[in-house]
Amino acid sequence: MRRLGIFLLAFLVTLGGVWAGVIWKFPGDAVSRYVESRVNRSQGFILALHPAEMRWNRLYIPRAEIRRRDKPKSPPLFILTDFTVPITWRLAWGLPVRAVLGKKGRVEAFLPWKEGGKAMLKGELLLEEVALPAVMRPIALKGHFTFSGEFTMNAAARAGTELPSGTLEGKGTNLTITGVTVGGKILKITRLSNMEIRIHTGKEVRMEKVLVEGDIQGNITGRMTPNLRNPRQTLLGLQINASFRNAWLAGLGQLRPVAESYLKKGRLILTLDGTIGSPRLRARK
């Protein structure tokens with residue numbers, strides 16, 4: 001029994017020495033390029049990684065960038081730090097990752113290698129730490145947001161021609177919205193104490209639930225048809241049903257009569273169609 005214990009100890013020491021050598025001589029740049037090639041040939045975006053480092057139980061990459069496939073030289077959609085790939089049996093079926101988004105946010109994801117596999121996404125973030133797409137500027141968001149989703153990676157989603165089919169849920173708290181422009185004038189700050197969303201993605205994005213509470217209270221329903229090649233041409237077909245706090249209306253100044261002209265019995269009932277780049281807002285009859 002004593003000999004067996006000595007043998008096991010010697011084996012573990014040898015194994016640890018070999019693994020330490022692997023870590024010391026680890027080809028980080030080559031491994032990052034390999035991970036990039038596996039992801040970029042099967043996902044609808046471009047993943048750019050800094051050289052990897054091997055730790056005892058994980059692959060560590062200090063910085064990762066997610067870029068548009070059709071415009072890889074444009075600014076990154078997201079910048080992730082402390083990008084980690086756990087050394088686990090799940091690597092046979094896909095890429096499990098964890099990363100930091102901003103200073104306090106975190107994100108976890110699983111990207112399957114094969115068509116038809118299930119992708120997973122979840123995390124939390126501070127909205128002010130994530131840059132919005134250029135099409136939304138000068139709008140700025142602040143607040144805490146959590147999210148989770150599961151999606152099927154079909155051929156179109158892997159090629160980047162449409163969003164993967166699945167469901168995304170999220171909840172925001174203590175949100176603020178600034179920079180919204182109406183009639184050439186920027187609206188006052190809008191505060192939302194709570195926001196809940198549940199949307200179905202795929203060829204269309206269907207708004208199953210978008211509820212807000214705060215200066216604006218109400219919901220948004222309808223559909224959008226994404227144009228991933230040119231987001232400004234994304235088609236809108238949304239219905240807005242909301243009411244406003246009197247204090248928020250009072251802060252509109254000269255725009256208050258315009259806003260109140262759309263109200264019916266204290267509620268705003270609108271249709272938003274057209275495209276993101278050229279939206280049309282109409283009062284519902």
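Located above this text is the structure these notes cover.
S.K.: Whenever I open this one, the overall build of the chain confuses me. Can you help?
M.R.: The helix and strand inventory of the chain stands at 5 helices and 18 strands. Taken across its 285 residues, the chain has 36% of its residues classed as buried. Excluding contacts between residues fewer than 6 apart, the proportion of contacts in the chain whose partners are at least 24 apart in sequence is 42%. Roughly 17,000 Å² of accessible area belongs to the chain as shown, and the carbon and sulfur atoms make up 60% of that amount.

S.K.: What's the story with the environment of Asn-40 in this structure? I'm lost.
M.R.: With respect to the element layout, Asn-40 can be found in helix H2 (residues 28-40). Overall, Asn-40 belongs to the buried group, its relative accessible area being 16%. Those residues in contact with Asn-40 that sit more than four places away from it in its chain are Phe-45, Ile-46, Leu-47 and Arg-69.

S.K.: Honestly, the pairing of strand E3 (residues 58-68) in this entry has me stumped. Any pointers?
M.R.: In regular strands, side chains alternate between the two faces of the sheet. The element E3 is extensively covered by neighbouring structure, given that 8 of its 11 residues are classed as buried. Here strand E1 (residues 45-49) pairs with E3 via 5 bridges, running antiparallel. Within the sheet, the bridge partner assigned to Ala-48 lies in E3 and is Glu-65. As defined by bridge partners, strand E2 (residues 53-54) adjoins E3 across 2 bridges and the pair is classed as antiparallel. The residue of E3 that forms the bridge with Glu-53 is Tyr-60. Hairpin connection, E2 to E3: the antiparallel pair is bridged by 3 residues. Where E3 lies against strand E4 (residues 78-86), 8 bridges are found, and the strand directions are antiparallel. By the bridge assignment for E4, Leu-59 is matched with Val-85.

S.K.: Looking at this structure, I do not really get the side chain of His-200. What am I missing?
M.R.: With respect to the element layout, His-200 can be found in strand E12 (residues 190-201). Looking at His-200, the relative accessible area reads 18%, which means it is buried. A polar contact is formed between the side chain of His-200 and the side chain of Glu-208, at a distance of 2.7 Å. Sequence-distant contacts of His-200, that is, excluding residues within four places in its chain, are made with Gly-166, Thr-167, Val-205, Arg-206 and Glu-208.

S.K.: Honestly, the pattern of salt bridges in this entry has me stumped. Any pointers?
M.R.: Side-chain pairs of opposite charge can arise where the charged atoms are in close proximity. With the rule as written, the count across this model stands at 10 salt bridges. The closest approach of N and O atoms between Lys-209 and Glu-196, which form a salt bridge, is 3.3 Å. Residue Lys-209 is located in strand E13 (residues 205-214), and its partner Glu-196 is located in strand E12; the two are separated by 13 residues in the primary sequence. For Glu-196, a relative accessible area of 27% puts it in the partly exposed group. The closest approach of N and O atoms between Asp-273 and Arg-280, which form a salt bridge, is 3.3 Å.

The rules we used
- Residues numbered from 1 in each chain as written.
- Predicted model: local features only at pLDDT ≥ 70, side-chain atom pairs only at ≥ 80, totals over all residues.
- Heavy atoms only, no water.
- Helix = DSSP H or I, 4+ residues; strand = E, 2+ residues; numbered from the N terminus.
- Buried < 20%, exposed > 50% of the residue type's maximum accessible area, 1.4 Å probe, protein only.
- Contact = heavy atoms within 4.5 Å.
- Areas by Shrake-Rupley, 256 points an atom, 1.4 Å probe, with all protein chains shown as cover.
- Pairing = 2+ DSSP bridges.
- Polar contact = N/O pair within 3.5 Å; in protein donor to acceptor, adjacent residues only side chain to side chain.
- Salt bridge = Lys/Arg side-chain N within 4 Å of Asp/Glu carboxyl O.

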